[in-house]
Amino acid sequence: MPAGRCAITRLRLYQFRNYPAATVTLGPAVNVIAGANAQGKTNLLEAAATLALTRSPRTSTTGDLVMWGQAACAIEGSVARPGGDTTLALRLERNGDSARVSRTATVDGKPRPARSVLGLCPVVMFWPDDLQLVKAGPDARRRLLDILLMQLEPRMAAHMSRYRRVLEQRNALLHRLRTEGHGGSELDGFTRELAHHGARIAVARSQLVSALAPLANAALRDLSGGDEDLVLSYVAAHQCVCDNEEQSKLDLLAAYRAHASEELARAVSVIGPHRDDMSIQLGGRSARTTASQGQQRSIVLAVKLAEMRHLAQRTGASPVVMLDDVLSDLDQTRRGLLVSLLAGRDAAQVLITTTEPLHNTADMRDAQHFTVTRGSVVPDV
Amino acid sequence: MPLVPEAIERLVTEFGRLPGIGPKTAQRLAFHCLRTPAEMTERLGAALQQLHQQVQPCARCFFIADGDLCAICSDPRRDPALLCVVEEALDVVAVERSGEFRGLYHVLGGALSPMDGIGPDELRIAELERRAATDEVREVVIATDPDVEGEATAYYLGERLAAAGVTVTRLAHGLPAGADLEYADELTVARAFAGRRAL
Ligand SMILES: Nc1ncnc2c1ncn2[C@@H]1O[C@H](COP(=O)(O)OP(=O)(O)O)[C@@H](O)[C@H]1O
Ligand SMILES: [Mg+2]
Ligand SMILES: [Zn+2]
């Protein structure tokens, strides 16, 4: 069990999505946030996640977070952690009529770059879409790894944003090469940059998957009691072992040379971490094609538990776990097991949203309950 | 009728176009100008007006000049064997502040950026190539920003200048990742110069 937990003790929102202004005092263990559809339950979790990650895990259009018709929004959270308490705040402001939004993050009142906020309040999120994690396309699995990575190693967030940028530049150049036939002499410089950041991302992700794999396998046993092994492994599109950054960079460069004509014909970069995946095998077979629906659900829960335990091991405190409307999709047994593992054995703070009241269920007896109605959240009495 | 006279609205709009100035600040500046004595706003207006009339790019290095050549190119104590390549005129100011570099400059006018349609022909690269090919020049130090575009440009210049028979070096990465030269402090720039490496 981890030495302690990280918990958001108080969350304040100002003009965030449909919340004009709200203050919620959360409990240290399970918090159940109930409400009808479209009242603001997901928005509340999104606010907490955005504060922790400095960007929304739900949208890349930051302007969507600001209440319609308003110029700015703010989120503030008091975070209790073993090392002491901190207050994180994030303010987003629209820049005139343009779609651009400026963001200011502060830690204990002092402005800080995003990279020094990451990891101060580690979070694990479980959205309804995550239930499809096994079956979904690879980008869902890459996103899971990347969100975990940037919290563990904030400098990876810089490599990821550089990588996205150079990918866009390189694809634009490939496009011009195909349509206008010139630009070839500049390609090498962008290819090297792509390989430089790409190698770091691939190696970091691959090491992360190696760390998650045994945790996920153990968690699956806790959950389902089955004896088939769950094996997670990182699959790089350039077929590299990805244990060394320099070697991985050389492998990437060689792969770009090998795929040069394909890239030119399609005008996109076909190799690199944006094409990589995490393979999930159960009992030696691909879980995607052979695991039952129930098994796939259990695997997803096991991966989420692994994420949480890895973060707890590495940071010395259980992360804040958010479950958005996913409990109703789980059967009674899995649901009870998940909540008792999270709140009991792993002692994490858990924020659960639900449309069904959970007051009377045995596993929620000690929880704190809240009700959300049209952008306001109040504790149940 | 609009609440605020047209003349003020115009000024607010123009201030609002400046970098780092939002609508609220633009409004504050405009009202501040309104409160200040007329001779001060006239001085500001005159300074802005003369800017483009009196300042032009240096014919040799494209840094800003008030004559044909800039102050650096016309200084006989500068070492013409060394060329420092930067993206923008402001970067020259940053390198000069460090006091570490005694050669001449070449301002590219940006960095390669295919997304924005900026290729080698949109930058002053042909001019750089011609300068580098002269007997006078021994070393070209590439000091483009350490971001994606600056790195790709540095690599491209390294390849292209290899033919000119000069030593090409890259400013060492003492610069904080993602930092523009313009924002780097003097010491960092000085260290970067001391540790430049061959490309
Ligand atoms: N920027 C915004 N400004 C105002 N309202 C918003 C904004 N973004 C989303 N909403 C509103 O928030 C509500 C959805 O909230 P959400 O948290 O997703 O609901 P749920 O309670 O079902 O999880 C919708 O009514 C939507 O119109
Ligand atoms: Mg919802
Ligand atoms: Zn000059």
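The rules behind each value
Throughout this description, residue numbers start from 1 for each chain and increase along the sequence as written. Each chain takes a letter, starting from A, and each ligand takes a number, starting from 1, following the order in which they are written. Residues qualify for local features only when their pLDDT is at least 70, as the model is predicted, and side-chain atom pairs are given and counted only at 80 or more; totals for whole chains, interfaces and linings, by contrast, use all residues. Labels follow the DSSP assignment, with helices taken as runs of H or I lasting at least four residues and strands as runs of E lasting at least two, numbered in each case from the N terminus. Note on burial: count the other C-beta atoms lying within 10 Å of the residue's C-beta; 20 or more is buried, 12 or fewer is exposed, in between is partly exposed, and C-beta positions come from the backbone. Two residues qualify as being in contact provided that their C-beta atoms, derived from the backbone, are within 7 Å of each other. Each residue gets one label: Ala, Val, Leu, Ile, Met, Phe, Trp, Tyr, Cys and Pro are nonpolar, Asp, Glu, Lys and Arg are charged, and the others, such as Gly, are polar. Under the convention used throughout, the expected extent of a helix is 1.5 Å for every residue step, that is, one less than its residue count. Strands qualify as paired when DSSP identifies two bridges or more between them. Axis definition: a line fitted to C-alpha atoms, limited for helices to the stretch in contact. Angles are taken between N-to-C directions and run from 0 to 180 degrees.

## Describing the overall build of chain B
Broken down by element type, chain B carries seven helices and seven strands. Starting at the N terminus and walking to the C terminus, you meet the elements of chain B as α-α-α-β-β-β-α-β-α-β-α-β-α-β. For chain B, the proportion of its 199 residues judged to be buried stands at 31%. Considering only intrachain contacts with a sequence separation of at least 6, the fraction spanning at least 24 residues in chain B is 57%.

## With respect to the interface of chain B and chain A
In this complex, chain B contributes 19 residues to the contact, which on the side of chain A involves 19 residues. For the side of chain B that touches chain A, the leading source of residues is helix H6 (residues 148–161) of chain B, giving eight residues. In the side of chain B that touches chain A, the residues fall into ten nonpolar, six polar and three charged.

## Looking at helix H9 (residues 293–315) of chain A
Counted at 1.5 Å a residue, the expected span for H9 of chain A with its 23 residues is 33 Å, and the 33 Å between its end C-alpha atoms agrees. Two residues or fewer after H9 of chain A comes Gly316 of chain A, characterised by a positive phi angle close to 80°.

## Observations concerning the sheet that holds strand E8 (residues 123–126) of chain A
Residue and element names in this part refer to chain A. Judged by pairing direction, the sheet is mixed, and its six strands sit side by side in the order E8-E12-E13-E3-E14-E15 without closing on themselves. At either margin of the open sheet sits one strand with a lone partner, and together these are E8 and strand E15 (376–379). Taken over all neighbouring pairs, the strand axes of this sheet differ in orientation by 20° on average, direction set aside. As paired elements, strand E12 (residues 320–324) and strand E13 (residues 350–354) share four bridges and run parallel to each other.

## Topic: helix H1 (residues 41–53) of chain A
Residue and element names in this part refer to chain A. Helix length check: H1 (13 residues) gives 19 Å between terminal C-alpha atoms against 18 Å at 1.5 Å per residue, within 8%. Burial analysis of H1 places 13 of its 13 residues in the buried class, the great majority of the element. Two residues or fewer past H1, Thr54 is found with a positive phi of approximately 65°.

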